[in-house]
Amino acid sequence: MKKYAIIVAGGVGNRAGGSVPKQFQPVDGIPMLWWSVRAFHAEDPDTKIIVVLHPGFFDLWDILYSELPEADREINVHISCGGRSRLESVKNGLMSVDAEAESYVAVHDAARPMVTAELIGKGWKTVAETKAAIPVTDVTSSLRKLEGEGSVAVARKDYVEVQTPQFFESKLLKEAYELPLTAEMTDDASVAEAAGWKISLFEGSPYNMKVTNNFDIKIAELLLGKI
């Protein structure tokens, strides 16, 4: 099985505070996006890792990369140019993926730095059996659906929370991304589903949280190395 990992780090916002986007901010002394690189490399050093960056931050990344520990700089990564949206960034990253037989690709958001080699391994195993697989976790909060000016309660057992990395047969995802992209497509699974593919679910991890603000960064620093 030939494996590719696209790590999406093309955002330009700074909701997490600081002078640079969150994917470049240090988490326990290491740029946030690099934790995901480490996880994919630890799961399988032969995985081809593609990091998608906004072109305006290429120079910054060169500096941050040069400051990584020597062992990290031995991990080979390919840098791809980000697009105007997440979906466009993924589409750009897919240009570096070969759509050959027995080739699989995982797409992961750099804002989830606590992904583990164990979760990644589970994803590769599931996608080899199903062609399209995503990690999910149970919804633990009560949910309400907005209707007009009011709202109604809905059963949380009917919903799951979607995470990344999301795993696909490479040819499947590349062909799906050639179709028109719409605002309703919020992740790679929705792109593949719109192309007619069935999405399989596997158990994600509550630790695989998405970092959106400075408080989340502090939580990530407490948990990294303990999961």
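A brief look at the structure comes next. (Residues numbered from 1 in each chain as written. Predicted model: local features only at pLDDT ≥ 70, side-chain atom pairs only at ≥ 80, totals over all residues. Heavy atoms only, no water.)

Within the chain one finds eight helices and twelve strands. Since a compact globule built from 227 residues should have a radius of gyration of about 17 Å, the 17 Å found for the chain is in line with a globular shape. The principal-axis extent of the C-alpha atoms belonging to the chain is close to 55 × 45 × 35 Å. Within the chain, the proportion of its 227 residues that are buried is 46%. Excluding contacts between residues fewer than 6 apart, the proportion of contacts in the chain whose partners are at least 24 apart in sequence is 74%. Carbon and sulfur atoms make up 51% of the accessible area of the chain, which amounts to about 11,700 Å² in all. The chain carries 24 positive and 32 negative side-chain charges, and their two centres are separated by 4 Å. (Helix = DSSP H or I, 4+ residues; strand = E, 2+ residues; numbered from the N terminus. Rg over C-alpha atoms; globule rule 2.2 N^0.38 Å. Buried < 20%, exposed > 50% of the residue type's maximum accessible area, 1.4 Å probe, protein only. Contact = heavy atoms within 4.5 Å. Areas by Shrake-Rupley, 256 points an atom, 1.4 Å probe, with all protein chains shown as cover. Lys, Arg positive; Asp, Glu negative; His and termini not counted. Charge placed at Lys NZ, Arg CZ, Asp CG, Glu CD.)

Okay, the packing of aromatic side chains next. We describe a pair of aromatic rings using the distance from one ring centre to the other and the angle between the two ring planes. Scanning the entire structure with this criterion turns up six aromatic pairs. Relative to phenylalanine 57, the ring of phenylalanine 24 lies with its centre 5.3 Å away and its plane at 35°, an arrangement referred to as tilted. Of this pair, phenylalanine 24 sits in the loop between strand 1 (2-9) and strand 2 (26-27) while phenylalanine 57 sits in the loop between strand 4 (48-53) and helix 2 (58-66); the two residues are 33 residues apart in sequence, bridging distant segments of the chain. Residue phenylalanine 24 is classed as buried on the basis of its relative accessible area of 3%. Aromatic ring contacts, followed pair by pair, group Trp34, Trp61 and Tyr65 into a single cluster. The ring of tryptophan 35 carries arginine 38 above its face, with NZ or CZ at 4.9 Å from the centroid. (Phe/Tyr/Trp six-rings, centres within 6.5 Å; stacked < 30°, edge-to-face > 60°. Lys NZ or Arg CZ within 6 Å of the ring centre and 35° of its normal.)

Below, the discussion takes up the pairing of strand 8 (residues 143-147). Within a regular strand, side chains alternate between the sheet's two faces. Sheet topology note: the strand 8/strand 9 (residues 150-154) ladder contains five bridges and is antiparallel. Among the inter-strand pairings, lysine 145 is bridged to a residue of strand 9, identified as valine 152. What sits between strand 8 and strand 9 in their antiparallel hairpin is a turn of two residues, with glycine 148 showing a positive phi close to 60°. (Pairing = 2+ DSSP bridges.)

Our focus in this paragraph is helix 4 (residues 86-94). Leu87, Ser89, Val90, Gly93 and Leu94 are the residues of helix 4 that are buried. The buried residues of helix 4 occupy an angular sector of 160° when projected down its axis, which confines them to one face. Those residues of helix 4 that are buried lie in contact with strand 1, strand 4, strand 5 (77-81), strand 6 (103-109), helix 6 (170-176) and helix 7 (188-194). (Arc of directions from axis to C-beta.)

Moving on: the environment of valine 105. Structurally, the position occupied by valine 105 is in strand 6. Here valine 105 falls in the buried class, since its relative accessible area comes to 0%. Along the primary structure valine 105 and leucine 172 are separated by 67 residues, whereas in three dimensions their C-alpha atoms are 9.7 Å apart.

Within this structure, the stated rule accounts for nine salt bridges. Its salt-bridge partner being arginine 38, residue aspartate 72 comes within 2.8 Å of it at the nearest N-O pair. Residue aspartate 72 is located in helix 3 (residues 70-73), and its partner arginine 38 is located in helix 1 (residues 32-43); the two are separated by 34 residues in the primary sequence. For aspartate 72, a relative accessible area of 6% corresponds to the buried category. For lysine 125, the salt bridge identified is with glutamate 129, shortest N-O distance 3.2 Å. Taken as a pair, lysine 125 and glutamate 129 lie in helix 5 (residues 117-130) at a separation of four residues, close to a single helical turn. Each of Lys3, Glu43 and Asp44 takes part in one network of salt bridges that share partners. (Salt bridge = Lys/Arg side-chain N within 4 Å of Asp/Glu carboxyl O.)

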